[in-house]
Amino acid sequence: MSRLIVVSNRVQDPAAGPGAGGLAVALGEALEANGGVWIGWDGRVEQDPLHPVSWNEHRSGNLTLLTTSLTPEEHEGYYLGFANRVLWPAFHYRLDLVDYTTDHSRVYGAVNRRLAMKIASILRPDDRIWIHDYHLIPLAAELRATGCGNPIGYFQHIPLPPPSILAAVPEVNWLVRALFAYDVVGFQTETDRLHLIQQVQQLESETESDGEYVTAFGRSTRVKSYPIGIDADRFTAMARTPNAEEIINRIRQRNLNRSQVIGVDRMDYSKGLPERMESVRRLFELYPENRGAMTFMQIAPTSRGAVDAYVDLHERLDSLSGEINSKFSDFDWTPIRYINRQFPRETLAALYRASRAALITPLRDGMNLVAHEYVAAQDPDDPGMPVLSRFAGAAEYMDEALLINPYNIDQTAIALQTALQMPLKERKRRHKALMKVVHDLDVSRWSSRFLNDLSQLLRAVPG
Ligand code: ADQ
């Protein structure tokens, strides 16, 4: 039977239990179904002079995890350098944060080549390969160079900007050409899909676009949007366990009759966190009745602490939350509760359910799964309202959320006030529509849509 080979920058063990995220669970299910291999970085950085590129194999049921550590040079050039100081900011439209001073693309290419060699050494003729995200764009081209003719798909979890922005990305022509070594290329939204087609049309006069297929650089690739979601039923159930109920009761007792507004994000400059805190400040200025009556809880665990832009962001948020708290706090009330740590998923589900509104205001986001989680966790008889950035992929699907431009501080503050004041009937109507979106985009549907398209190519594979 055809195996599935998944490749992503980091490998997450789907057997990690309730701590495992929806993506790990969905991919784990797909891998378990037919047997599979998950390949990627184990998160360690080490220089072992005897085994500089060693691999570890760990079997769990039908699934094999094949992981490697990175050398310090690979970690710097591939992960911190090209992936996180070039592609991440550029693909999130932040050309001001792109590192143009060093050419990291050589090491990025070399790590992709190393992964390709490993995959080629274990590959069977009927394997399907599914590659994830911007760390691994050239991997299919490297695999094709080893003679691999298997179906290979790529899914980009983050946005793809238009050609006017892509023009500033070092080595962009190489990256775009590399996408045409794949059989299926998936994006979160139609907008991202169109951006690729526009970019290819600029580069290659021979481009043909026929429905879902784009022919360029001598290959025809299926380019399509496959919006990702969460395991909706599982998340809804998590917000209703006895443990979750206890957390909700504790929050309500602590908050007395005050309402809670929540934000949950990896700490990242793409998430619009300073602008969000400014909007909360503006809410207290424009609508003083919220002073003493509403608390904003922002949960933002630190990520990528080794990249300068993240250190600056951390300092800015500490200072902004401190400033707002010292201006508006009372002896028995703090306006902003700002927490830098991870929580178990069940606790997050309870925190969402205990919140009257959520501020989900990234400056740019591929999808934003917090939007889905917040909706799934609500009590349908008394649901809270998401205030959602127009620049999150989720906004392309969730038009019953309160959509805002996160750069417009007043607009966000006004939308938050609307969410806090919204009559129950309207909240219920909007929540019902949003819940339908969350179910329609369920993560198991996302993986089966992508894998069905990829599997159609198996017939064309010899052997
Ligand atoms: P991320 O940028 O990580 O993902 P997002 O989609 O919002 O963004 O997912 C974040 C996940 O982390 C959510 O499941 C959330 O619950 C979890 N999380 C955040 N803070 C947490 C905390 N303190 N404790 C526990 N869990 C926490 C990338 C892209 C997104 C895209 C996803 C999936 O940037 O645009 O939606 O991949 O494709």
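Residues numbered from 1 in each chain as written. Predicted model: local features only at pLDDT ≥ 70, side-chain atom pairs only at ≥ 80, totals over all residues. Heavy atoms only, no water.

1. What to know about helix H7 (residues 190-203)
Each α-helix turn comprises 3.6 residues. Residues three or four places apart therefore point the same way. A rise of 1.5 Å per residue sets the reference length of H7, with its 14 residues, at 20 Å; its end C-alpha atoms lie 20 Å apart and thus fit the reference within 8%. Inspection of H7 places Asp192, Arg193, His195, Leu196, Ile197, Gln199 and Val200 among the buried residues, and these make up the whole buried set. Considering only its buried residues, H7 is in contact with helix H5 (163-166), helix H6 (172-179), strand S7 (184-187), strand S8 (208-210), strand S9 (213-216) and strand S10 (219-225). (Helix = DSSP H or I, 4+ residues; strand = E, 2+ residues; numbered from the N terminus. Expected span 1.5 Å × (residues − 1). Buried < 20%, exposed > 50% of the residue type's maximum accessible area, 1.4 Å probe, protein only. Contact = heavy atoms within 4.5 Å.)

2. Focus: the nonpolar core
The biggest cluster of nonpolar side chains holds 91 residues, and the ones touching the most others in it are Leu87, Phe91, Ile131, Ile137 and Leu139. At 10 residues, the largest contribution of residues to this core is made by helix H2 (residues 72-91). Shared between two domains, this core holds at least three residues of each, these being domain 1 (4-229 + 444-455) and domain 2 (232-439). Those residues within four positions of leucine 139 in sequence are excluded, and the remaining contacts are Val7, Asn112, Leu115, Ala116, Ile119, Ile131 and Tyr182. In terms of nonpolar packing, the next biggest core, distinct from the first, is built from 61 residues, Leu65, Ile299, Leu351 and Ile360 among them. (Core = buried A, V, L, I, M, F, W, Y, C linked by side-chain atoms within 4.5 Å. Domains from an automatic or database assignment.)

3. Topic: the domain arrangement of the protein chain
In terms of domain boundaries, the protein chain breaks down into domain 1 (4-229 + 444-455) and domain 2 (232-439). The C-alpha centroid of domain 2 is placed 31 Å from the C-alpha centroid of domain 1. Listed per partner, the contact involves 27 residues of domain 1 and 21 residues of domain 2. Taken together, both faces of the contact between domain 1 and domain 2 bury some 1900 Å²; the carbon and sulfur share is 59%. (Buried area = accessible area lost by both parts, 1.4 Å probe.)

4. Overview of unusual backbone geometry
Phi at aspartate 133 takes a positive value of approximately 75 degrees, unusual for a residue other than glycine. Note on placement: aspartate 133 falls in the loop between strand S5 (128-132) and helix H4 (139-145). A residue is classified by how much of its surface remains accessible, and aspartate 133, at 11% relative accessible area, is buried. At glutamate 171, a position not held by glycine, the phi torsion is positive, near 65 degrees. Tracing the backbone shows glutamate 171 in the loop between H5 and H6.

5. Comments concerning the site of the ligand
By nearness alone, 23 residues border the ligand, and His157, Phe343, Asp365, Leu369 and Glu373 come closest of all. Between phenylalanine 343 and the ligand, the recorded distance is 2.8 Å, taken from a backbone N or O atom to a nitrogen atom. Against a free-state accessible area of 710 Å², the protein chains account for coverage of 86% of the ligand. Mapped onto the shell around the ligand, the elements with two or more residues apiece are helix H12 (345-353) and helix H13 (369-377). In terms of residue class, the shell around the ligand is built from 11 nonpolar, five polar and seven charged. (Near = heavy atom within 4 Å. Polar contact = N/O pair within 3.5 Å; in protein donor to acceptor, adjacent residues only side chain to side chain. Areas by Shrake-Rupley, 256 points an atom, 1.4 Å probe, with all protein chains shown as cover. Nonpolar A, V, L, I, M, F, W, Y, C, P; charged D, E, K, R; others polar.)

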